[in-house]
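Chain residues, written in single-letter form:
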Amino acid sequence: MTVHRDRPQNPAMTAPPASSASDTLTITRPDDWHLHLRDGAMLAQVVAHTARRFARAIVMPNLQPPVTTTAQAAAYRDRIRAALPGAAGFEPLMTLYLTERTSADEIARAKASGVIHGVKLYPAGATTNSESGVTAIERCDAALAAMQRHDLPLLVHGEVTQREVDVFDRERVFIERVLIPLRARYPALRVVFEHITTTDAVDYVREAEGGIAATITAHHLLFNRNSLFITEQGRAGLRPHYYCLPVLKREEHRRALVTAATSGSAKFFLGTDSAPHPRSAKEAACGCAGIYTAHAAIELYATAFEEAGALDRLEAFASRFGAQFYALPLNRDRITLLREEWTVPSRLSFGSDELVPLRAGETIPWKLL
């Protein structure tokens, strides 16, 4: 198979070309531009999955308590590094949790540190550990102005949380009520629209001018909302391990995401949003939102791209476009995937509990060598 490669916009950001044979695919080692690692024993039990597949990852700050200062982020980075398996060449890229008290001075410290690569906007109540999030974006104007001034990207969980808005419409309404006015006020602010899920988001990012891009998850490329309620064998029932926020959407939206991811546009790149939760917290009366994919992330993306007939465009999406947006060098080492079915473990250890990974007990057609 001949692998298509777009020429990098920055000639200095070059990497060895991808290569493939009928049963293997070798690409530049990818990066994960949206990842949840948790902390403590839970961190130690999941970070190796990411480090085996990715060179770097943007690490989300929604711990308890949230990571709101540069000092806290640096300490968290140290804990991540300490939890890595020996000789793992993995670099955690840290973020701050935006609150209505985040100061311009803290933004300046974050930029100067070289540790912080973005600031995360969680609308209050939007997802896991978002209780400290933003209730009105206008209350963050000092921080946002400083982010624009220091060129520190804003990473947004793009949903409104008003109860009167249907959960399947929250992303579309966020674009209208929050994102468009925000970018009008701060036109030079670089924005990553995280884990987009709708045709509305694809269209907005593709057509918008200025510094905006979007991450797309493997699970939103592979599944629509039927997976929440119907097994592949046709059995109906609530499937909590397919519940995430933003939720899976209609098939028409999934297809739009696949088209965007495989389009070759540098505005769309890989972000797993892999989010580990204890099984007991998922299989509960009020189960947690989040899907764990780090155990097979690049393999799942390869599956989605192959199903779309665009395996030759995986490398740019996974290994190039995100680095270009964040103004980081491309990775020099490479990974190889083998076309070989393997069975995902039914359970993984996770603290004192266990974790159910995506596709638990099922087979995946690509395997990381």
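Use the structure listed above.
Before going into details, it helps to say that this report is about the structure given with it. (Residues numbered from 1 in each chain as written. Predicted model: local features only at pLDDT ≥ 70, side-chain atom pairs only at ≥ 80, totals over all residues. Heavy atoms only, no water.)

1. Quick notes on helix 5 (residues 170-185)
Turning to step 1, where the next piece is worked out: For helix 5, spanning 16 residues, the distance from its first C-alpha to its last is 22 Å, which sits close to the expected 22 Å at 1.5 Å a residue.
Turning to step 2, where the next piece is worked out: The set of residues buried in helix 5 consists of Arg-170, Glu-171, Val-173, Phe-174, Ile-175, Val-178, Leu-179, Leu-182 and Arg-183.
Turning to step 3, where the next piece is worked out: Residues of helix 5 that are buried make contact with strand 6 (116-121), helix 4 (141-150), strand 7 (154-156), strand 8 (191-193), helix 6 (199-207) and strand 9 (212-216). (Helix = DSSP H or I, 4+ residues; strand = E, 2+ residues; numbered from the N terminus. Expected span 1.5 Å × (residues − 1). Buried < 20%, exposed > 50% of the residue type's maximum accessible area, 1.4 Å probe, protein only. Contact = heavy atoms within 4.5 Å.)

2. Quick word on the sheet that holds strand 4 (residues 56-59)
As a general point, the strands of a sheet are linked pairwise by backbone hydrogen bonds and lie either parallel or antiparallel.
Turning to step 1, where the next piece is worked out: Pairing is parallel across the open sheet formed by eight strands, whose spatial order is 3-4-5-6-7-8-9-10. Two strands lie at the open edges of the sheet, namely strand 3 (32-35) and strand 10 (268-270), each paired on one side alone. Adjacent strand axes in the sheet meet at a mean angle of 30 degrees when their direction is disregarded.
Turning to step 2, where the next piece is worked out: Relative to the sheet, helix 5 contacts strand 6, strand 7, strand 8 and strand 9, its axis offset from that of strand 8 by approximately 175 degrees. (Pairing = 2+ DSSP bridges. Axes fitted to C-alpha atoms, helices over the stretch in contact; angles between N-to-C directions.)

3. Side note on a nonpolar patch on the surface
Turning to step 1, where the next piece is worked out: A grouping of Phe-229, Ile-230 and Leu-238 is seen on the molecular surface, where their side chains present a nonpolar patch of about 310 Å² in accessible area.
Turning to step 2, where the next piece is worked out: Here Phe-229 lies in the loop between helix 7 (218-222) and helix 8 (251-261). (Patch = residues over 30% accessible without salt bridge, like charges linked within 9 Å, V, L, I, M, F, W, Y side chains within 5 Å. Areas by Shrake-Rupley, 256 points an atom, 1.4 Å probe, with all protein chains shown as cover. Salt bridge = Lys/Arg side-chain N within 4 Å of Asp/Glu carboxyl O.)

4. Some thoughts on the pattern of salt bridges
Turning to step 1, where the next piece is worked out: Per the stated rule, a full pass over the model turns up 21 salt bridges.
Turning to step 2, where the next piece is worked out: The residue Arg-79 makes a salt bridge to Asp-39 at a minimum N-O spacing of 2.8 Å. In this pair, Arg-79 sits in helix 2 (residues 70-83) while Asp-39 sits in the loop between strand 3 and helix 1 (40-53), placing the two residues 40 residues apart along the sequence.
Turning to step 3, where the next piece is worked out: Judged by relative accessible area, Arg-79 falls into the partly exposed class, the value being 36%.
Turning to step 4, where the next piece is worked out: Taking relative accessible area as the criterion, Asp-39 reaches 28% and is therefore assigned partly exposed.
Turning to step 5, where the next piece is worked out: Residue Glu-100 pairs with Arg-139 through a salt bridge whose shortest N-O separation is 3.4 Å. Taken together, the positions of Glu-100 in the loop between strand 5 (91-97) and helix 3 (104-113) and Arg-139 in the loop between strand 6 and helix 4 put the pair 39 residues apart, joining distant regions of the chain.
Turning to step 6, where the next piece is worked out: For Arg-139, a relative accessible area of 53% corresponds to the exposed category.

5. Concerning unusual backbone geometry
Turning to step 1, where the next piece is worked out: In this chain, Gln-64 is followed by Pro-65 through a cis amide linkage whose omega measures -5 degrees.
Turning to step 2, where the next piece is worked out: If you trace the backbone, Pro-65 turns up in the loop between strand 4 and helix 2.
Turning to step 3, where the next piece is worked out: Each neighbour pair has its own omega, and for Leu-245 with Pro-246 the value is -5 degrees, a cis peptide bond.
Turning to step 4, where the next piece is worked out: You can see Pro-246 is positioned in the loop between helix 7 and helix 8.

6. Topic: the packing of aromatic side chains
Turning to step 1, where the next piece is worked out: Taken as a whole and assessed by the stated rule, the structure comprises nine aromatic pairs.
Turning to step 2, where the next piece is worked out: Aromatic pair Phe-174 and Phe-193: ring centres 6.2 Å apart, planes at 45 degrees, arrangement tilted. One end of the pair, Phe-174, is in helix 5; the other, Phe-193, is in strand 8, with 19 residues separating them in the sequence. Grouping residues by exposure puts Phe-174 and Phe-193 together as buried.
Turning to step 3, where the next piece is worked out: Ring geometry for Phe-269 and Phe-325: centres 6.0 Å apart, planes at 40 degrees, overall tilted. Here Phe-269, found in strand 10, pairs with Phe-325, found in helix 11 (residues 314-325); they are 56 residues apart in sequence, far enough to count as distant. Comparing Phe-269 with Phe-325, the two get one shared label, buried. (Phe/Tyr/Trp six-rings, centres within 6.5 Å; stacked < 30°, edge-to-face > 60°.)

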